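So you can see what is in the structure, the chains are spelled out below.
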Amino acid sequence: METTYDGFGGKREEPPMGEQRQRSVQEIASDVGQVASEIYGKLDIGREMREHPYRTLAIAAGVGYVMGGGIFTPLTAGIFRLGLRAMAIPAVQTILSQVASGAEAPPPDYFD
């Protein structure tokens, strides 16, 4: 223990700085472990894995990718662009089919 002064003439005993940090890290690790156990119990991951193994694997891979820093990478940008193109093709087809079918049909009578 180290003796420190609080600035008001009082003394207090404190553990060395390294021990204090170590204790804090251990407390944080314990708290994280407790929270993880609670989440595991509430989500019933074992049942989810038995009933939906591929979905569970995909979710775990996605969470790992995000937590590993994969969001702002060239790979993610390419996948995002590919997804936008894949979504745009059906949207353009729908718009063009509506325009084409609208040209063949008589205009609607809005004043009846």
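Residues numbered from 1 in each chain as written. Predicted model: local features only at pLDDT ≥ 70, side-chain atom pairs only at ≥ 80, totals over all residues. Heavy atoms only, no water.

Asks: What am I meant to see in the overall build of the protein chain here?
Replies: Tallying secondary structure elements over the protein chain gives 4 helices and 2 strands in all. Going from the N terminus to the C terminus, the protein chain shows its helices and strands as β-β-α-α-α-α. For the protein chain, with 112 residues in total, the buried portion stands at 4%. Here the protein chain has roughly 10,000 Å² of accessible surface; of this, 66% comes from carbon and sulfur atoms. (Helix = DSSP H or I, 4+ residues; strand = E, 2+ residues; numbered from the N terminus. Buried < 20%, exposed > 50% of the residue type's maximum accessible area, 1.4 Å probe, protein only. Areas by Shrake-Rupley, 256 points an atom, 1.4 Å probe, with all protein chains shown as cover.)

Asks: What am I meant to see in the side chain of Thr56 here?
Replies: With respect to the secondary-structure elements, Thr56 resides in helix H3 (residues 53-67). Here Thr56 is in contact with Glu48 and Met49, once residues within four sequence places are set aside. (Contact = heavy atoms within 4.5 Å.)

Asks: Please clarify how the pattern of salt bridges should be interpreted in this entry.
Replies: When charged atoms on two side chains of opposite charge get close, those side chains can pair. Summed over all chains, the structure comprises 4 salt bridges. Close ionic contact of Glu48 with Arg47 constitutes a salt bridge, the shortest N to O distance being 3.9 Å. Residue Glu51 pairs with Arg47 through a salt bridge whose shortest N-O separation is 3.2 Å. Of the two residues, Glu51 and Arg47 both sit in helix H2 (residues 45-51), 4 residues apart, roughly one turn of that helix. Relative accessible area serves as the criterion here: at 46%, Glu51 is assigned to the partly exposed category. Salt bridges sharing partners connect three or more residues here, namely Asp44, Arg47, Glu48, Glu51 and Arg55. (Salt bridge = Lys/Arg side-chain N within 4 Å of Asp/Glu carboxyl O.)

Asks: Explain a nonpolar patch on the surface to me, please; I cannot follow it from the model alone.
Replies: Taken together, the side chains of Tyr65, Val66, Ile71, Phe72, Leu75 and Ile79 define a hydrophobic patch exposed on the protein surface, amounting to about 650 Å² of accessible area. Mapped onto the nonpolar patch, the elements with two or more residues apiece are H3 and helix H4 (74-104). Structurally, the position occupied by Leu75 is in helix H4. Leu75 sits in the exposed class, given a relative accessible area of 54%. (Patch = residues over 30% accessible without salt bridge, like charges linked within 9 Å, V, L, I, M, F, W, Y side chains within 5 Å.)

Asks: Quick question: what am I supposed to make of H3 here?
Replies: Since the α-helix advances by 3.6 residues per turn, residues separated by three or four positions end up pointing in the same direction. When the terminal C-alpha atoms of H3 are compared, their 21 Å separation across 15 residues agrees well with the 21 Å that a helix rising 1.5 Å per residue should span. Taken from the residues just after H3, Gly69 is the one with a positive phi, measuring 90°. (Expected span 1.5 Å × (residues − 1).)

Asks: Would you mind showing me how to read the environment of Thr76 here?
Replies: Relative to the assigned elements, Thr76 resides in helix H4. The spacing of Thr76 and Tyr65 is 11 residues in sequence and 9.9 Å in space, taken between C-alpha atoms. Once you skip the residues sitting within four places of it in the chain, Thr76 turns out to touch Tyr65, Gly70 and Ile71. One polar contact links Thr76 to Thr73, side chain to side chain, over a distance of 3.1 Å. (Polar contact = N/O pair within 3.5 Å; in protein donor to acceptor, adjacent residues only side chain to side chain.)

Limitation: the analysis is restricted to geometry and does not speak to function.
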